[in-house]
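Take a look at the letters that make up each chain.
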Amino acid sequence: LALKALFEGDPALETFNMYWETVRNKGLATTAFDWEGLAAQAPIFLSRFEKMHAKHFDPMCLEQKMSVAIGDNVLEGTVDFIGKYKGRKVITDWKTSFRRYDSNKIHSNEQLYIYHYLANAVLDFEAEIINYKIFVKHDQSIQSIEKPVTLQIVDNMMENVVSYMNDLAKREVWLKNR
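Note that the coordinates shown come from a computational prediction; the quantities given were computed from them, not determined experimentally.

A. Just the overall build of the chain, in detail. Within the chain, the secondary structure is distributed over six helices and five strands. Its helices and strands in sequence order give the chain the pattern α-α-α-β-β-β-α-α-β-β-α, from N to C terminus. In the chain, which comprises 178 residues, the proportion classed as buried is 43%. A separation of at least 24 residues holds for 61% of the contacts in the chain among residues at least 6 apart in sequence. When the accessible surface of the chain is summed, it comes to about 10400 Å², and 49% of that surface belongs to carbon and sulfur atoms. Here the chain contributes 22 positively and 24 negatively charged side chains, and the mean placements of these two sets differ by 6 Å.

Below you can see the structure in the form of structure tokens.
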């Protein structure tokens, strides 16, 4: 929400603080940070993002919810950022994590490929790259992982997604995903 505000010309930190107050008493303690500890990181992350990263982004859509029918099922998602990054068409997902992501995550996690598929189907937007921007809490850094993407790569990944969708639609027993 704070990054959306930043790109829309609204005060990012003020937006974050306004939201963060609404969850003050929700027991959001994690293994390393409590509500106050996470609140203290917001100005650091937002300042760094604004100074070092925001200038490379040119938004077309922010927090864009999209859905498409695939057979008898509906695939939907909300994409954090659709636009350009360093002059290239991109789908970006903002993440927070205690530690840095393994760079291979972008090759195996279906999320960004689903978003690419949705953006192409709904907005006729074909990204050249997919990108994670990860706000790493343990060292207050911003990690970037990106990958060039083609429709063939997306189609290959979507074969798996459609298989999952079909399987889930038929299930009556739900196993714990470890």
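B. Representation of the pattern of salt bridges. Evaluated as defined, the whole model comprises six salt bridges. Among the salt bridges present, the one from R24 reaches E21, with a minimum N-O distance of 2.9 Å. Between R88 and E146 there is a salt bridge whose closest N-O contact spans 3.8 Å. On the criterion of sequence distance, the pair formed by R88 in strand β3 (residues 88–97) and E146 in strand β5 (residues 141–148) is long-range, its members being 58 residues apart. On the basis of relative accessible area, R88 is assigned to the partly exposed category, the value being 32%.

C. Main features of helix α6 (residues 151–170). The end-to-end C-alpha separation of α6 is 28 Å, in line with the 28 Å expected for 20 residues at 1.5 Å each. Buried residues of α6: V154, M157, M158, V161 and M165, and no others. Contacts from the buried residues of α6 go to β1 (57–70), β2 (73–85), α4 (105–108) and α5 (111–123).

D. Geometry of helix α3 (residues 35–52). The first and last C-alpha atoms of α3 sit 26 Å apart over 18 residues, in line with the 26 Å expected at 1.5 Å per residue. Every buried residue belonging to α3 is among W35, L38, A39, Q41, A42, F45, L46 and F49, and all of these are buried. Packed against the buried residues of α3 are α1 (2–7), α2 (12–22), β1, β3, β4 (129–136) and β5.

E. Spatial organisation of the sheet that holds β4. Ordered by their spatial adjacency, five strands build an open sheet running β1-β2-β3-β4-β5, and the pairing between neighbours is mixed. With partners counted over all chains shown, the strands left at the sheet margins are β1 and β5, one partner each. Taken over all neighbouring pairs, the strand axes of this sheet differ in orientation by 30° on average, direction set aside. Alignment of β3 against β4, held across eight bridges, turns out to be parallel. Counterpart to T96 in the pairing with β4 is F135.

F. Looking closely at the packing of α5 against α6. At a minimum axis distance of 9 Å, the contact between α5 and α6 shows a crossing angle of 110°. On the basis of the axis angle, α5 is roughly perpendicular to α6. Considering the relative orientation of α5 and α6, their crossing is left-handed. Across from Y113, I114, H116, Y117 and N120 in α5, the residues of α6 making contact are L151, I153, V154, M157, M158 and V161.

G. Main features of the confidence of the model for the chain. Taken over all residues, the pLDDT of the chain has a mean of 94, while the share at 70 or more is 98%. The least confident element of the chain, judged by mean pLDDT, is α4 at 92; the most confident is β4 at 98.

H. Broad picture of unusual backbone geometry. Phi at K86 is positive, roughly 55°, even though this residue is not glycine. Among the secondary structure elements, K86 is positioned in the loop between β2 and β3. We note that D124 has phi near 55°; this positive angle belongs to a residue other than glycine. Of note, D124 is situated in the loop between α5 and β4. D124 gets classed as exposed once you look at its relative accessible area, which sits at 66%.

Conventions we followed
Residues numbered from 1 in each chain as written. Predicted model: local features only at pLDDT ≥ 70, side-chain atom pairs only at ≥ 80, totals over all residues. Heavy atoms only, no water. Helix = DSSP H or I, 4+ residues; strand = E, 2+ residues; numbered from the N terminus. Buried < 20%, exposed > 50% of the residue type's maximum accessible area, 1.4 Å probe, protein only. Contact = heavy atoms within 4.5 Å. Areas by Shrake-Rupley, 256 points an atom, 1.4 Å probe, with all protein chains shown as cover. Lys, Arg positive; Asp, Glu negative; His and termini not counted. Charge placed at Lys NZ, Arg CZ, Asp CG, Glu CD. Salt bridge = Lys/Arg side-chain N within 4 Å of Asp/Glu carboxyl O. Expected span 1.5 Å × (residues − 1). Pairing = 2+ DSSP bridges. Axes fitted to C-alpha atoms, helices over the stretch in contact; angles between N-to-C directions. Parallel < 35°, antiparallel > 145°, perpendicular 65-115°, else oblique. Left-handed = near helix turned anticlockwise from the far one by under 90°. pLDDT = per-residue confidence, 0-100.

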